[in-house]
Number of protein chains: 2
Amino acid sequence: MNKIYINPEQKEWQILLQRPVLDHTALKATVSAILSDVQLRGDAAVLAYTKQFDGTELNNLVVTKAEIAAAPDLVDVDLRKAIELAKTNITKFHTAQKESIIKIETTRGVVCYRKSVAIEKVGLYIPGGTAPLFSTLLMLGIPAVLAGCKEITVCTAPDKNGNVPPIILFVANLIGIDKVYKASGVQAIAAMAFGTETIPATYKIFGPGNQYVTCAKQMVNAMGIAIDMPAGPSELAIYADESCNPGFVAADLLSQAEHGLDSQVVLVTTQASIAEKVQQEIEKQSADLPRKEIVIASLTNSRMIVMENPNDAFTLLNEYAPEHLIIASDNAESLAELVINAGSVFLGHYSPESAGDYASGTNHTLPTNGFAKVYSGVSMDSFVKKITFQQLTKQGIQEIGHAVELMAAAEGLEAHKKAVTLRLNENQ
Amino acid sequence: MNKIYINPEQKEWQILLQRPVLDHTALKATVSAILSDVQLRGDAAVLAYTKQFDGTELNNLVVTKAEIAAAPDLVDVDLRKAIELAKTNITKFHTAQKESIIKIETTRGVVCYRKSVAIEKVGLYIPGGTAPLFSTLLMLGIPAVLAGCKEITVCTAPDKNGNVPPIILFVANLIGIDKVYKASGVQAIAAMAFGTETIPATYKIFGPGNQYVTCAKQMVNAMGIAIDMPAGPSELAIYADESCNPGFVAADLLSQAEHGLDSQVVLVTTQASIAEKVQQEIEKQSADLPRKEIVIASLTNSRMIVMENPNDAFTLLNEYAPEHLIIASDNAESLAELVINAGSVFLGHYSPESAGDYASGTNHTLPTNGFAKVYSGVSMDSFVKKITFQQLTKQGIQEIGHAVELMAAAEGLEAHKKAVTLRLNENQ
């Protein structure tokens, strides 16, 4: 993160805020072949790809009850308590998103309402590897269970010995999910999209993954399977003013930068001196980070931008539409009013992104790649359909029926009109 | 609608409930060429396709203020009043969907909330032709305005004389939309996706259309532009029991059947005699319908199914997941509890689908093709992003910080942990 940009002109913003370009075209053929194979051969195909990519030969894709029962004892007690605290907070915040039914009488005798009904079958993809993302299982599983999804299917990678990490099983069990399958990558997405003998087909697939998984999700989406949202690399923008603690700001930028080589961080501030102080802190703090190479690589995608005033700064930030936005200012609350496009916003000096990633209660599955301009993060909304209902009484149809007849006729839909006329004339 | 199916076995349902298959693959090359051309040449391309497909040579794609001002006088006074009533009801129902901000203190010192913020730029596609769908403009435009979308772009087809139907302009003006453009089909979708010199690029495109429009929306969606929902032909299912009025049921089935050649209607009932009575009514009523050919064609896609009891009937209906579902029964309210998958539900004998299409207040842009299993119809949700916020105090980070440290470390994200540690140790 070498260069600091001072008051860039608006016409330069697009280039300045450019994200690492992702092109999945080259992957399509590979991904498509695996999708088709799983669709055709089911379990046999999933088992074969598991052998090929995960290096383990399984007899069965199902995680057994015994494996789940054994998991808690294999997880550190303090970590279990930490996860339970996170579960409590995530549950509280998401429970508040449940919608109650409000009946609206739009005209006398015309009552309309909307009811949230859980999507029956959902699939959660939890990436495995060296550090299994159990926090993602919390973030996707808790709202799925709260919403009342009947069949929640989890797919995650087995290790070389054919086991799923105990921490994943502990979390699944803790939040009330018992269908966990040993399947990773494209073959897992295919299984949850089309179903196999063992893994159920689902209506909507959630969860992050590498570029193959992202490509697979896009491709099954085009075939009619819903997905949580389009995906891209993780990113963080920080607005910092003179009230900020440059050490905290640097630590937050570094925390985002360690996610992956293509992560992006952006610092927007009102004074060049702040950017310089943060820069110094970054150099100091990054020295002893274990993922230092990743951090340095992803900092090359990153920018420090000095804007003349807070309004200009937020205009630029809204144009960027960051997944995560930290407002490191004593005025965070009032500046929050200027936010139009962001996934999740962290207010003040004591709200690091890590808090939201794990335990504040908000969801960490958020729109990246500028999609925050139009998509929301995962919430209870993501696990339900909202069905509308209307009930007209005899009086109700008398009140609005004539208007419906006129409008239907004007659109040339005579039978639509007639369905009303018949009812209006019932007693004549 | 000749055949009546009695108690079909569950394994037969899939074939019985099969929808007309839509395959856009053949269109992709044509659609893709127009998309690229508009992306490259902008207005010039849109004007050329307008000449080619709409048969009119325009100088300008913009509908002028003068054209809008002249529109109301060209619309019948009674129809205007009908539209105003519809506007009132749609406004009432959608206003009730506005979410207020609820701040949740998940742990002492950790406050989380969610705020709905309008998508800044939305595009509404309103099909033209012989019967311009002004009702669709009401259904998309009203929530867009209520949500506070800053730039609402409407594209609709000009007629041979280069004019947009006055009723469309009357509705646009009535609901507070002033950016209307003369562009139809794929070129309109392309313009709203990529922007031209005249037509602004938008972040999300709404609205129905023919198979070319549907294909274009899918293709721009894959390029990162959001769309309202995947589309298919319109459809209606009716559950009718012995309390139903067979004449009303027949009229409702016919109203759906007139939408298009590929519309589908399904009648599910508990007695064969009801199906027979409805069948007779259909024959009687269809005789003098102006769109009789369409009605007859789409009835060939349709089914009458007799199930043993209401529970089985609703299991089948949920498997079908109809866009529209009428419950023609005295027990409509309690039967409504059995609905899991549907776009919009019409309760009782006086709630024809036409009421919801125009004026009850619910939205008529609904998921078709079985997508009601996972998607909701258009609502205020469709025009906003829900941004989450969190604010931790010093106490807040002390309360959850240690849990975050443990979880971050367990996921191998040392810098995430450090961002918390630095704050916990601030005063040490």
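(A) Spotlight on the overall build of chain A. In terms of helices and strands, chain A carries 17 helices and 14 strands. Along the longest, intermediate and shortest principal axes, the C-alpha atoms of chain A span 85 × 60 × 45 Å. Across the 428 residues of chain A, 61% fall into the buried class. Once local pairs closer than 6 in sequence are excluded, the contacts in chain A between residues at least 24 apart make up 75%. Carbon and sulfur atoms make up 50% of the accessible area of chain A, which amounts to about 15,900 Å² in all.

(B) A look at the environment of Lys284 of chain B. Counting through the fold element by element, Lys284 of chain B comes out in helix α11 (residues 272-286). In the structure, Lys284 of chain B is positioned 266 residues away from Gln18 of chain B in sequence and 27 Å away in space, judged by C-alpha atoms.

(C) Local environment of the pattern of salt bridges. Enumeration over the complete set of coordinates arrives at 38 salt bridges over all chains. Linking Asp252 of chain A and Arg423 of chain B is a salt bridge whose minimum nitrogen-to-oxygen distance equals 2.6 Å. One end of the pair, Asp252 of chain A, is in helix α10 (residues 246-257); the other, Arg423 of chain B, is in helix α17 (residues 414-424), on a second chain. Residue class for Asp252 of chain A comes out buried when judged on its relative accessible area of 1%. The residue Lys418 of chain B makes a salt bridge to Asp288 of chain A at a minimum N-O spacing of 3.1 Å. With one member in each of two chains, Lys418 of chain B in helix α17 and Asp288 of chain A in the loop between α11 (272-286) and α12 (292-299) form a pair that bridges those chains.

(D) Spotlight on empty space enclosed by the protein. On inspection of all chains with the given rule, the structure shows 7 cavities of 30 Å³ or more. Among the elements of the structure, α5 (77-95) of chain A together with β14 (384-392) of chain B are those that each provide at least two residues to the lining of the largest cavity. Tallied by class, the residues present in the lining of the largest cavity amount to 3 nonpolar, 8 polar and 2 charged. Within this model, the second largest cavity holds a volume of roughly 60 Å³. Taken together, Arg114, Lys386 and Thr388 of chain A together with Phe93, Gln97, Gly343, Asn363, Leu366, Ser376, Gly377, Val378 and Ser379 of chain B form the lining of the second largest cavity.

(E) Quick peek at the relation of the copies chain B and chain A. Of the transformation placing chain B onto chain A, the axial shift is 0.0 Å and the rotation is 180°, giving an RMSD of 0.0 Å. Both copies are brought into coincidence by an operation consistent with a two-fold rotation axis. Identified as the residue of chain B closest to the rotation axis by C-alpha distance is Ala222 of chain B, at 4.0 Å. Here 100% of the contact residues of chain B are again contact residues in chain A; the copies associate through an equivalent surface.

(F) Up close: the domain arrangement of chain A. Here the domain parsing of chain A yields domain 1 (4-20 + 233-361), domain 2 (24-103 + 119-228) and domain 3 (393-427). Here domain 1 of chain A and domain 3 of chain A have C-alpha centroids that lie 57 Å from each other.

(G) The interface of chain B and chain A, seen in detail. Taken together, the contact between chain B and chain A spans 119 residues of the former and 119 residues of the latter. For the pair chain B and chain A, the two sides together bury roughly 10,300 Å², of which 60% comes from carbon and sulfur. For the chain B face of the interface with chain A, the top three residues by lost area are Tyr350, Glu411 and Arg423 of chain B, together amounting to 8%. Between chain B and chain A we count 10 salt bridges in total. One can count 65 residue pairs in polar contact (both at pLDDT 80 or more) joining chain B with chain A. Residue contributions to the side of chain B that touches chain A peak at 10 residues, all from helix α16 (residues 394-410) of chain B. Per-class residue counts for the side of chain B that touches chain A are 59 nonpolar, 31 polar and 29 charged. Bridge count for strand β13 (residues 344-347) of chain A against β14 of chain B is 4 bridges, and the pairing is parallel. Paired with Phe346 of chain A across the bridge in β14 of chain B is Gln390 of chain B.

(H) Representation of the side chain of His364 of chain A within the structure. All names here are of chain A. Mapped onto the elements of the fold, His364 is located in the loop between α15 (353-358) and β14 (384-392). There is a polar contact of 3.2 Å between the side chain of His364 and the side chain of Thr136. If sequence neighbours within four positions are ignored, His364 has contacts with Ser135, Thr136, Met139, Glu323, Gly356 and Asp357.

(I) Layout of the state of the cysteines. Residues and elements named next belong to chain B. Within this structure, the stated rule accounts for 0 disulfides over all chains. Not part of a disulfide, Cys215 finds its nearest cysteine sulfur in Cys155, a span of 18 Å. Accessibility expressed as a relative area gives 1% for Cys215, which makes it buried.

(J) Local environment of the packing of aromatic side chains. Counting across every chain of the model gives 12 aromatic pairs over all chains. Here the aromatic rings of Tyr113 of chain B and Phe389 of chain B are separated by 4.8 Å at their centres, their planes lie at 5°, and the arrangement is stacked. Placement of the pair is Tyr113 of chain B in strand β3 (residues 110-118) and Phe389 of chain B in strand β14, with a sequence separation of 276 residues. According to the relative accessible area criterion, Phe389 of chain B is buried, its value standing at 0%. With a centroid separation of 5.9 Å and an interplanar angle of 70°, the aromatic rings of Phe248 of chain B and Tyr350 of chain B are classed as edge-to-face. Residue Phe248 of chain B is found in helix α10 (residues 246-257), and its partner Tyr350 of chain B is found in the loop between β13 (344-347) and α15 (353-358); the two are separated by 102 residues along the sequence. Positioned above the aromatic ring of Tyr113 of chain A, the side-chain terminus of Lys103 of chain A is 4.6 Å from the ring centre. Its end group placed over the ring of Tyr320 of chain B, Arg19 of chain B keeps NZ or CZ at 4.0 Å from the ring centre.

(K) Focus on the packing of helix α16 (residues 394-410) of chain A against helix α5 (residues 77-95) of chain B. Between α16 of chain A and α5 of chain B, whose axes approach to 9 Å, the crossing angle comes to 115°. In this structure, α16 of chain A meets α5 of chain B at a crossing whose hand is left-handed. Residues Glu399, Ile400, Ala403, Leu406, Met407 and Ala410 of chain A of α16 of chain A touch α5 of chain B, and the partners they reach there are Asp78, Leu79, Ala82, Ile83, Leu85, Ala86 and Asn89 of chain B. Taken together, the residues that form the contact of α16 of chain A with α5 of chain B break down as 10 nonpolar, 1 polar and 2 charged.

(L) Summary view of the sheet that holds β13 of chain B. Taken in spatial order, the 9 strands make up an open sheet running β2(A)-β3(A)-β14(A)-β13(B)-β12(B)-β9(B)-β10(B)-β11(B)-β1(B), and their pairing is mixed. Each end of this open sheet is capped by a strand with a single partner; those strands are β2 (104-107) of chain A together with β1 (4-6) of chain B. Going across the sheet, the axis of each strand differs from the next one's by a mean of 20°, ignoring polarity. Contacting β1, β9 (235-240), β10 (264-269) and β11 (303-306) of chain B, α11 of chain B runs over the sheet at an angle of about 160° to β11 of chain B.

(M) Fine view of unusual backbone geometry. Residues and elements named next belong to chain A. Of note in this structure, Ala321 is not a glycine but carries a positive phi near 55°. Along the chain, the position of Ala321 falls in the loop between α13 (310-320) and β12 (324-328). When its relative accessible area of 0% is taken as the criterion, Ala321 is described as buried.

(N) Broad picture of the packing of α5 of chain B against helix α6 (residues 134-147) of chain B. Residue and element names in this part refer to chain B. In the contact formed by α5 and α6, the axes pass within 10 Å of each other and the chain directions differ by 40°. Judged on the interaxial angle alone, α6 and α5 are oblique. For the crossing formed where α5 meets α6, the hand is right-handed. Facing α5, whose interface residues are Leu79, Ile83, Ala86, Lys87, Ile90, Thr91, His94 and Thr95, α6 presents Phe134, Leu138, Met139, Ile142, Pro143 and Leu146. Classifying every residue of the contact of α5 with α6 gives 10 nonpolar, 3 polar and 1 charged.

Rules behind the numbers
Residues numbered from 1 in each chain as written. Chains lettered and ligands numbered in written order. Predicted model: local features only at pLDDT ≥ 70, side-chain atom pairs only at ≥ 80, totals over all residues. Heavy atoms only, no water. Helix = DSSP H or I, 4+ residues; strand = E, 2+ residues; numbered from the N terminus. Buried < 20%, exposed > 50% of the residue type's maximum accessible area, 1.4 Å probe, protein only. Contact = heavy atoms within 4.5 Å. Areas by Shrake-Rupley, 256 points an atom, 1.4 Å probe, with all protein chains shown as cover. Salt bridge = Lys/Arg side-chain N within 4 Å of Asp/Glu carboxyl O. 1 Å grid on protein atoms, 1.4 Å probe; cavity = no way out; pocket = protein on both sides within 12 Å on 5 of 7 lines; lining within 4 Å. Points joined across faces, edges and corners; volume = space filled by probe spheres on them. Nonpolar A, V, L, I, M, F, W, Y, C, P; charged D, E, K, R; others polar. Least-squares fit on C-alpha atoms with pLDDT ≥ 70 in both. Domains from an automatic or database assignment. Buried area = accessible area lost by both parts, 1.4 Å probe. Polar contact = N/O pair within 3.5 Å; in protein donor to acceptor, adjacent residues only side chain to side chain. Pairing = 2+ DSSP bridges. Disulfide = S-S within 2.5 Å. Phe/Tyr/Trp six-rings, centres within 6.5 Å; stacked < 30°, edge-to-face > 60°. Lys NZ or Arg CZ within 6 Å of the ring centre and 35° of its normal. Axes fitted to C-alpha atoms, helices over the stretch in contact; angles between N-to-C directions. Left-handed = near helix turned anticlockwise from the far one by under 90°. Parallel < 35°, antiparallel > 145°, perpendicular 65-115°, else oblique.

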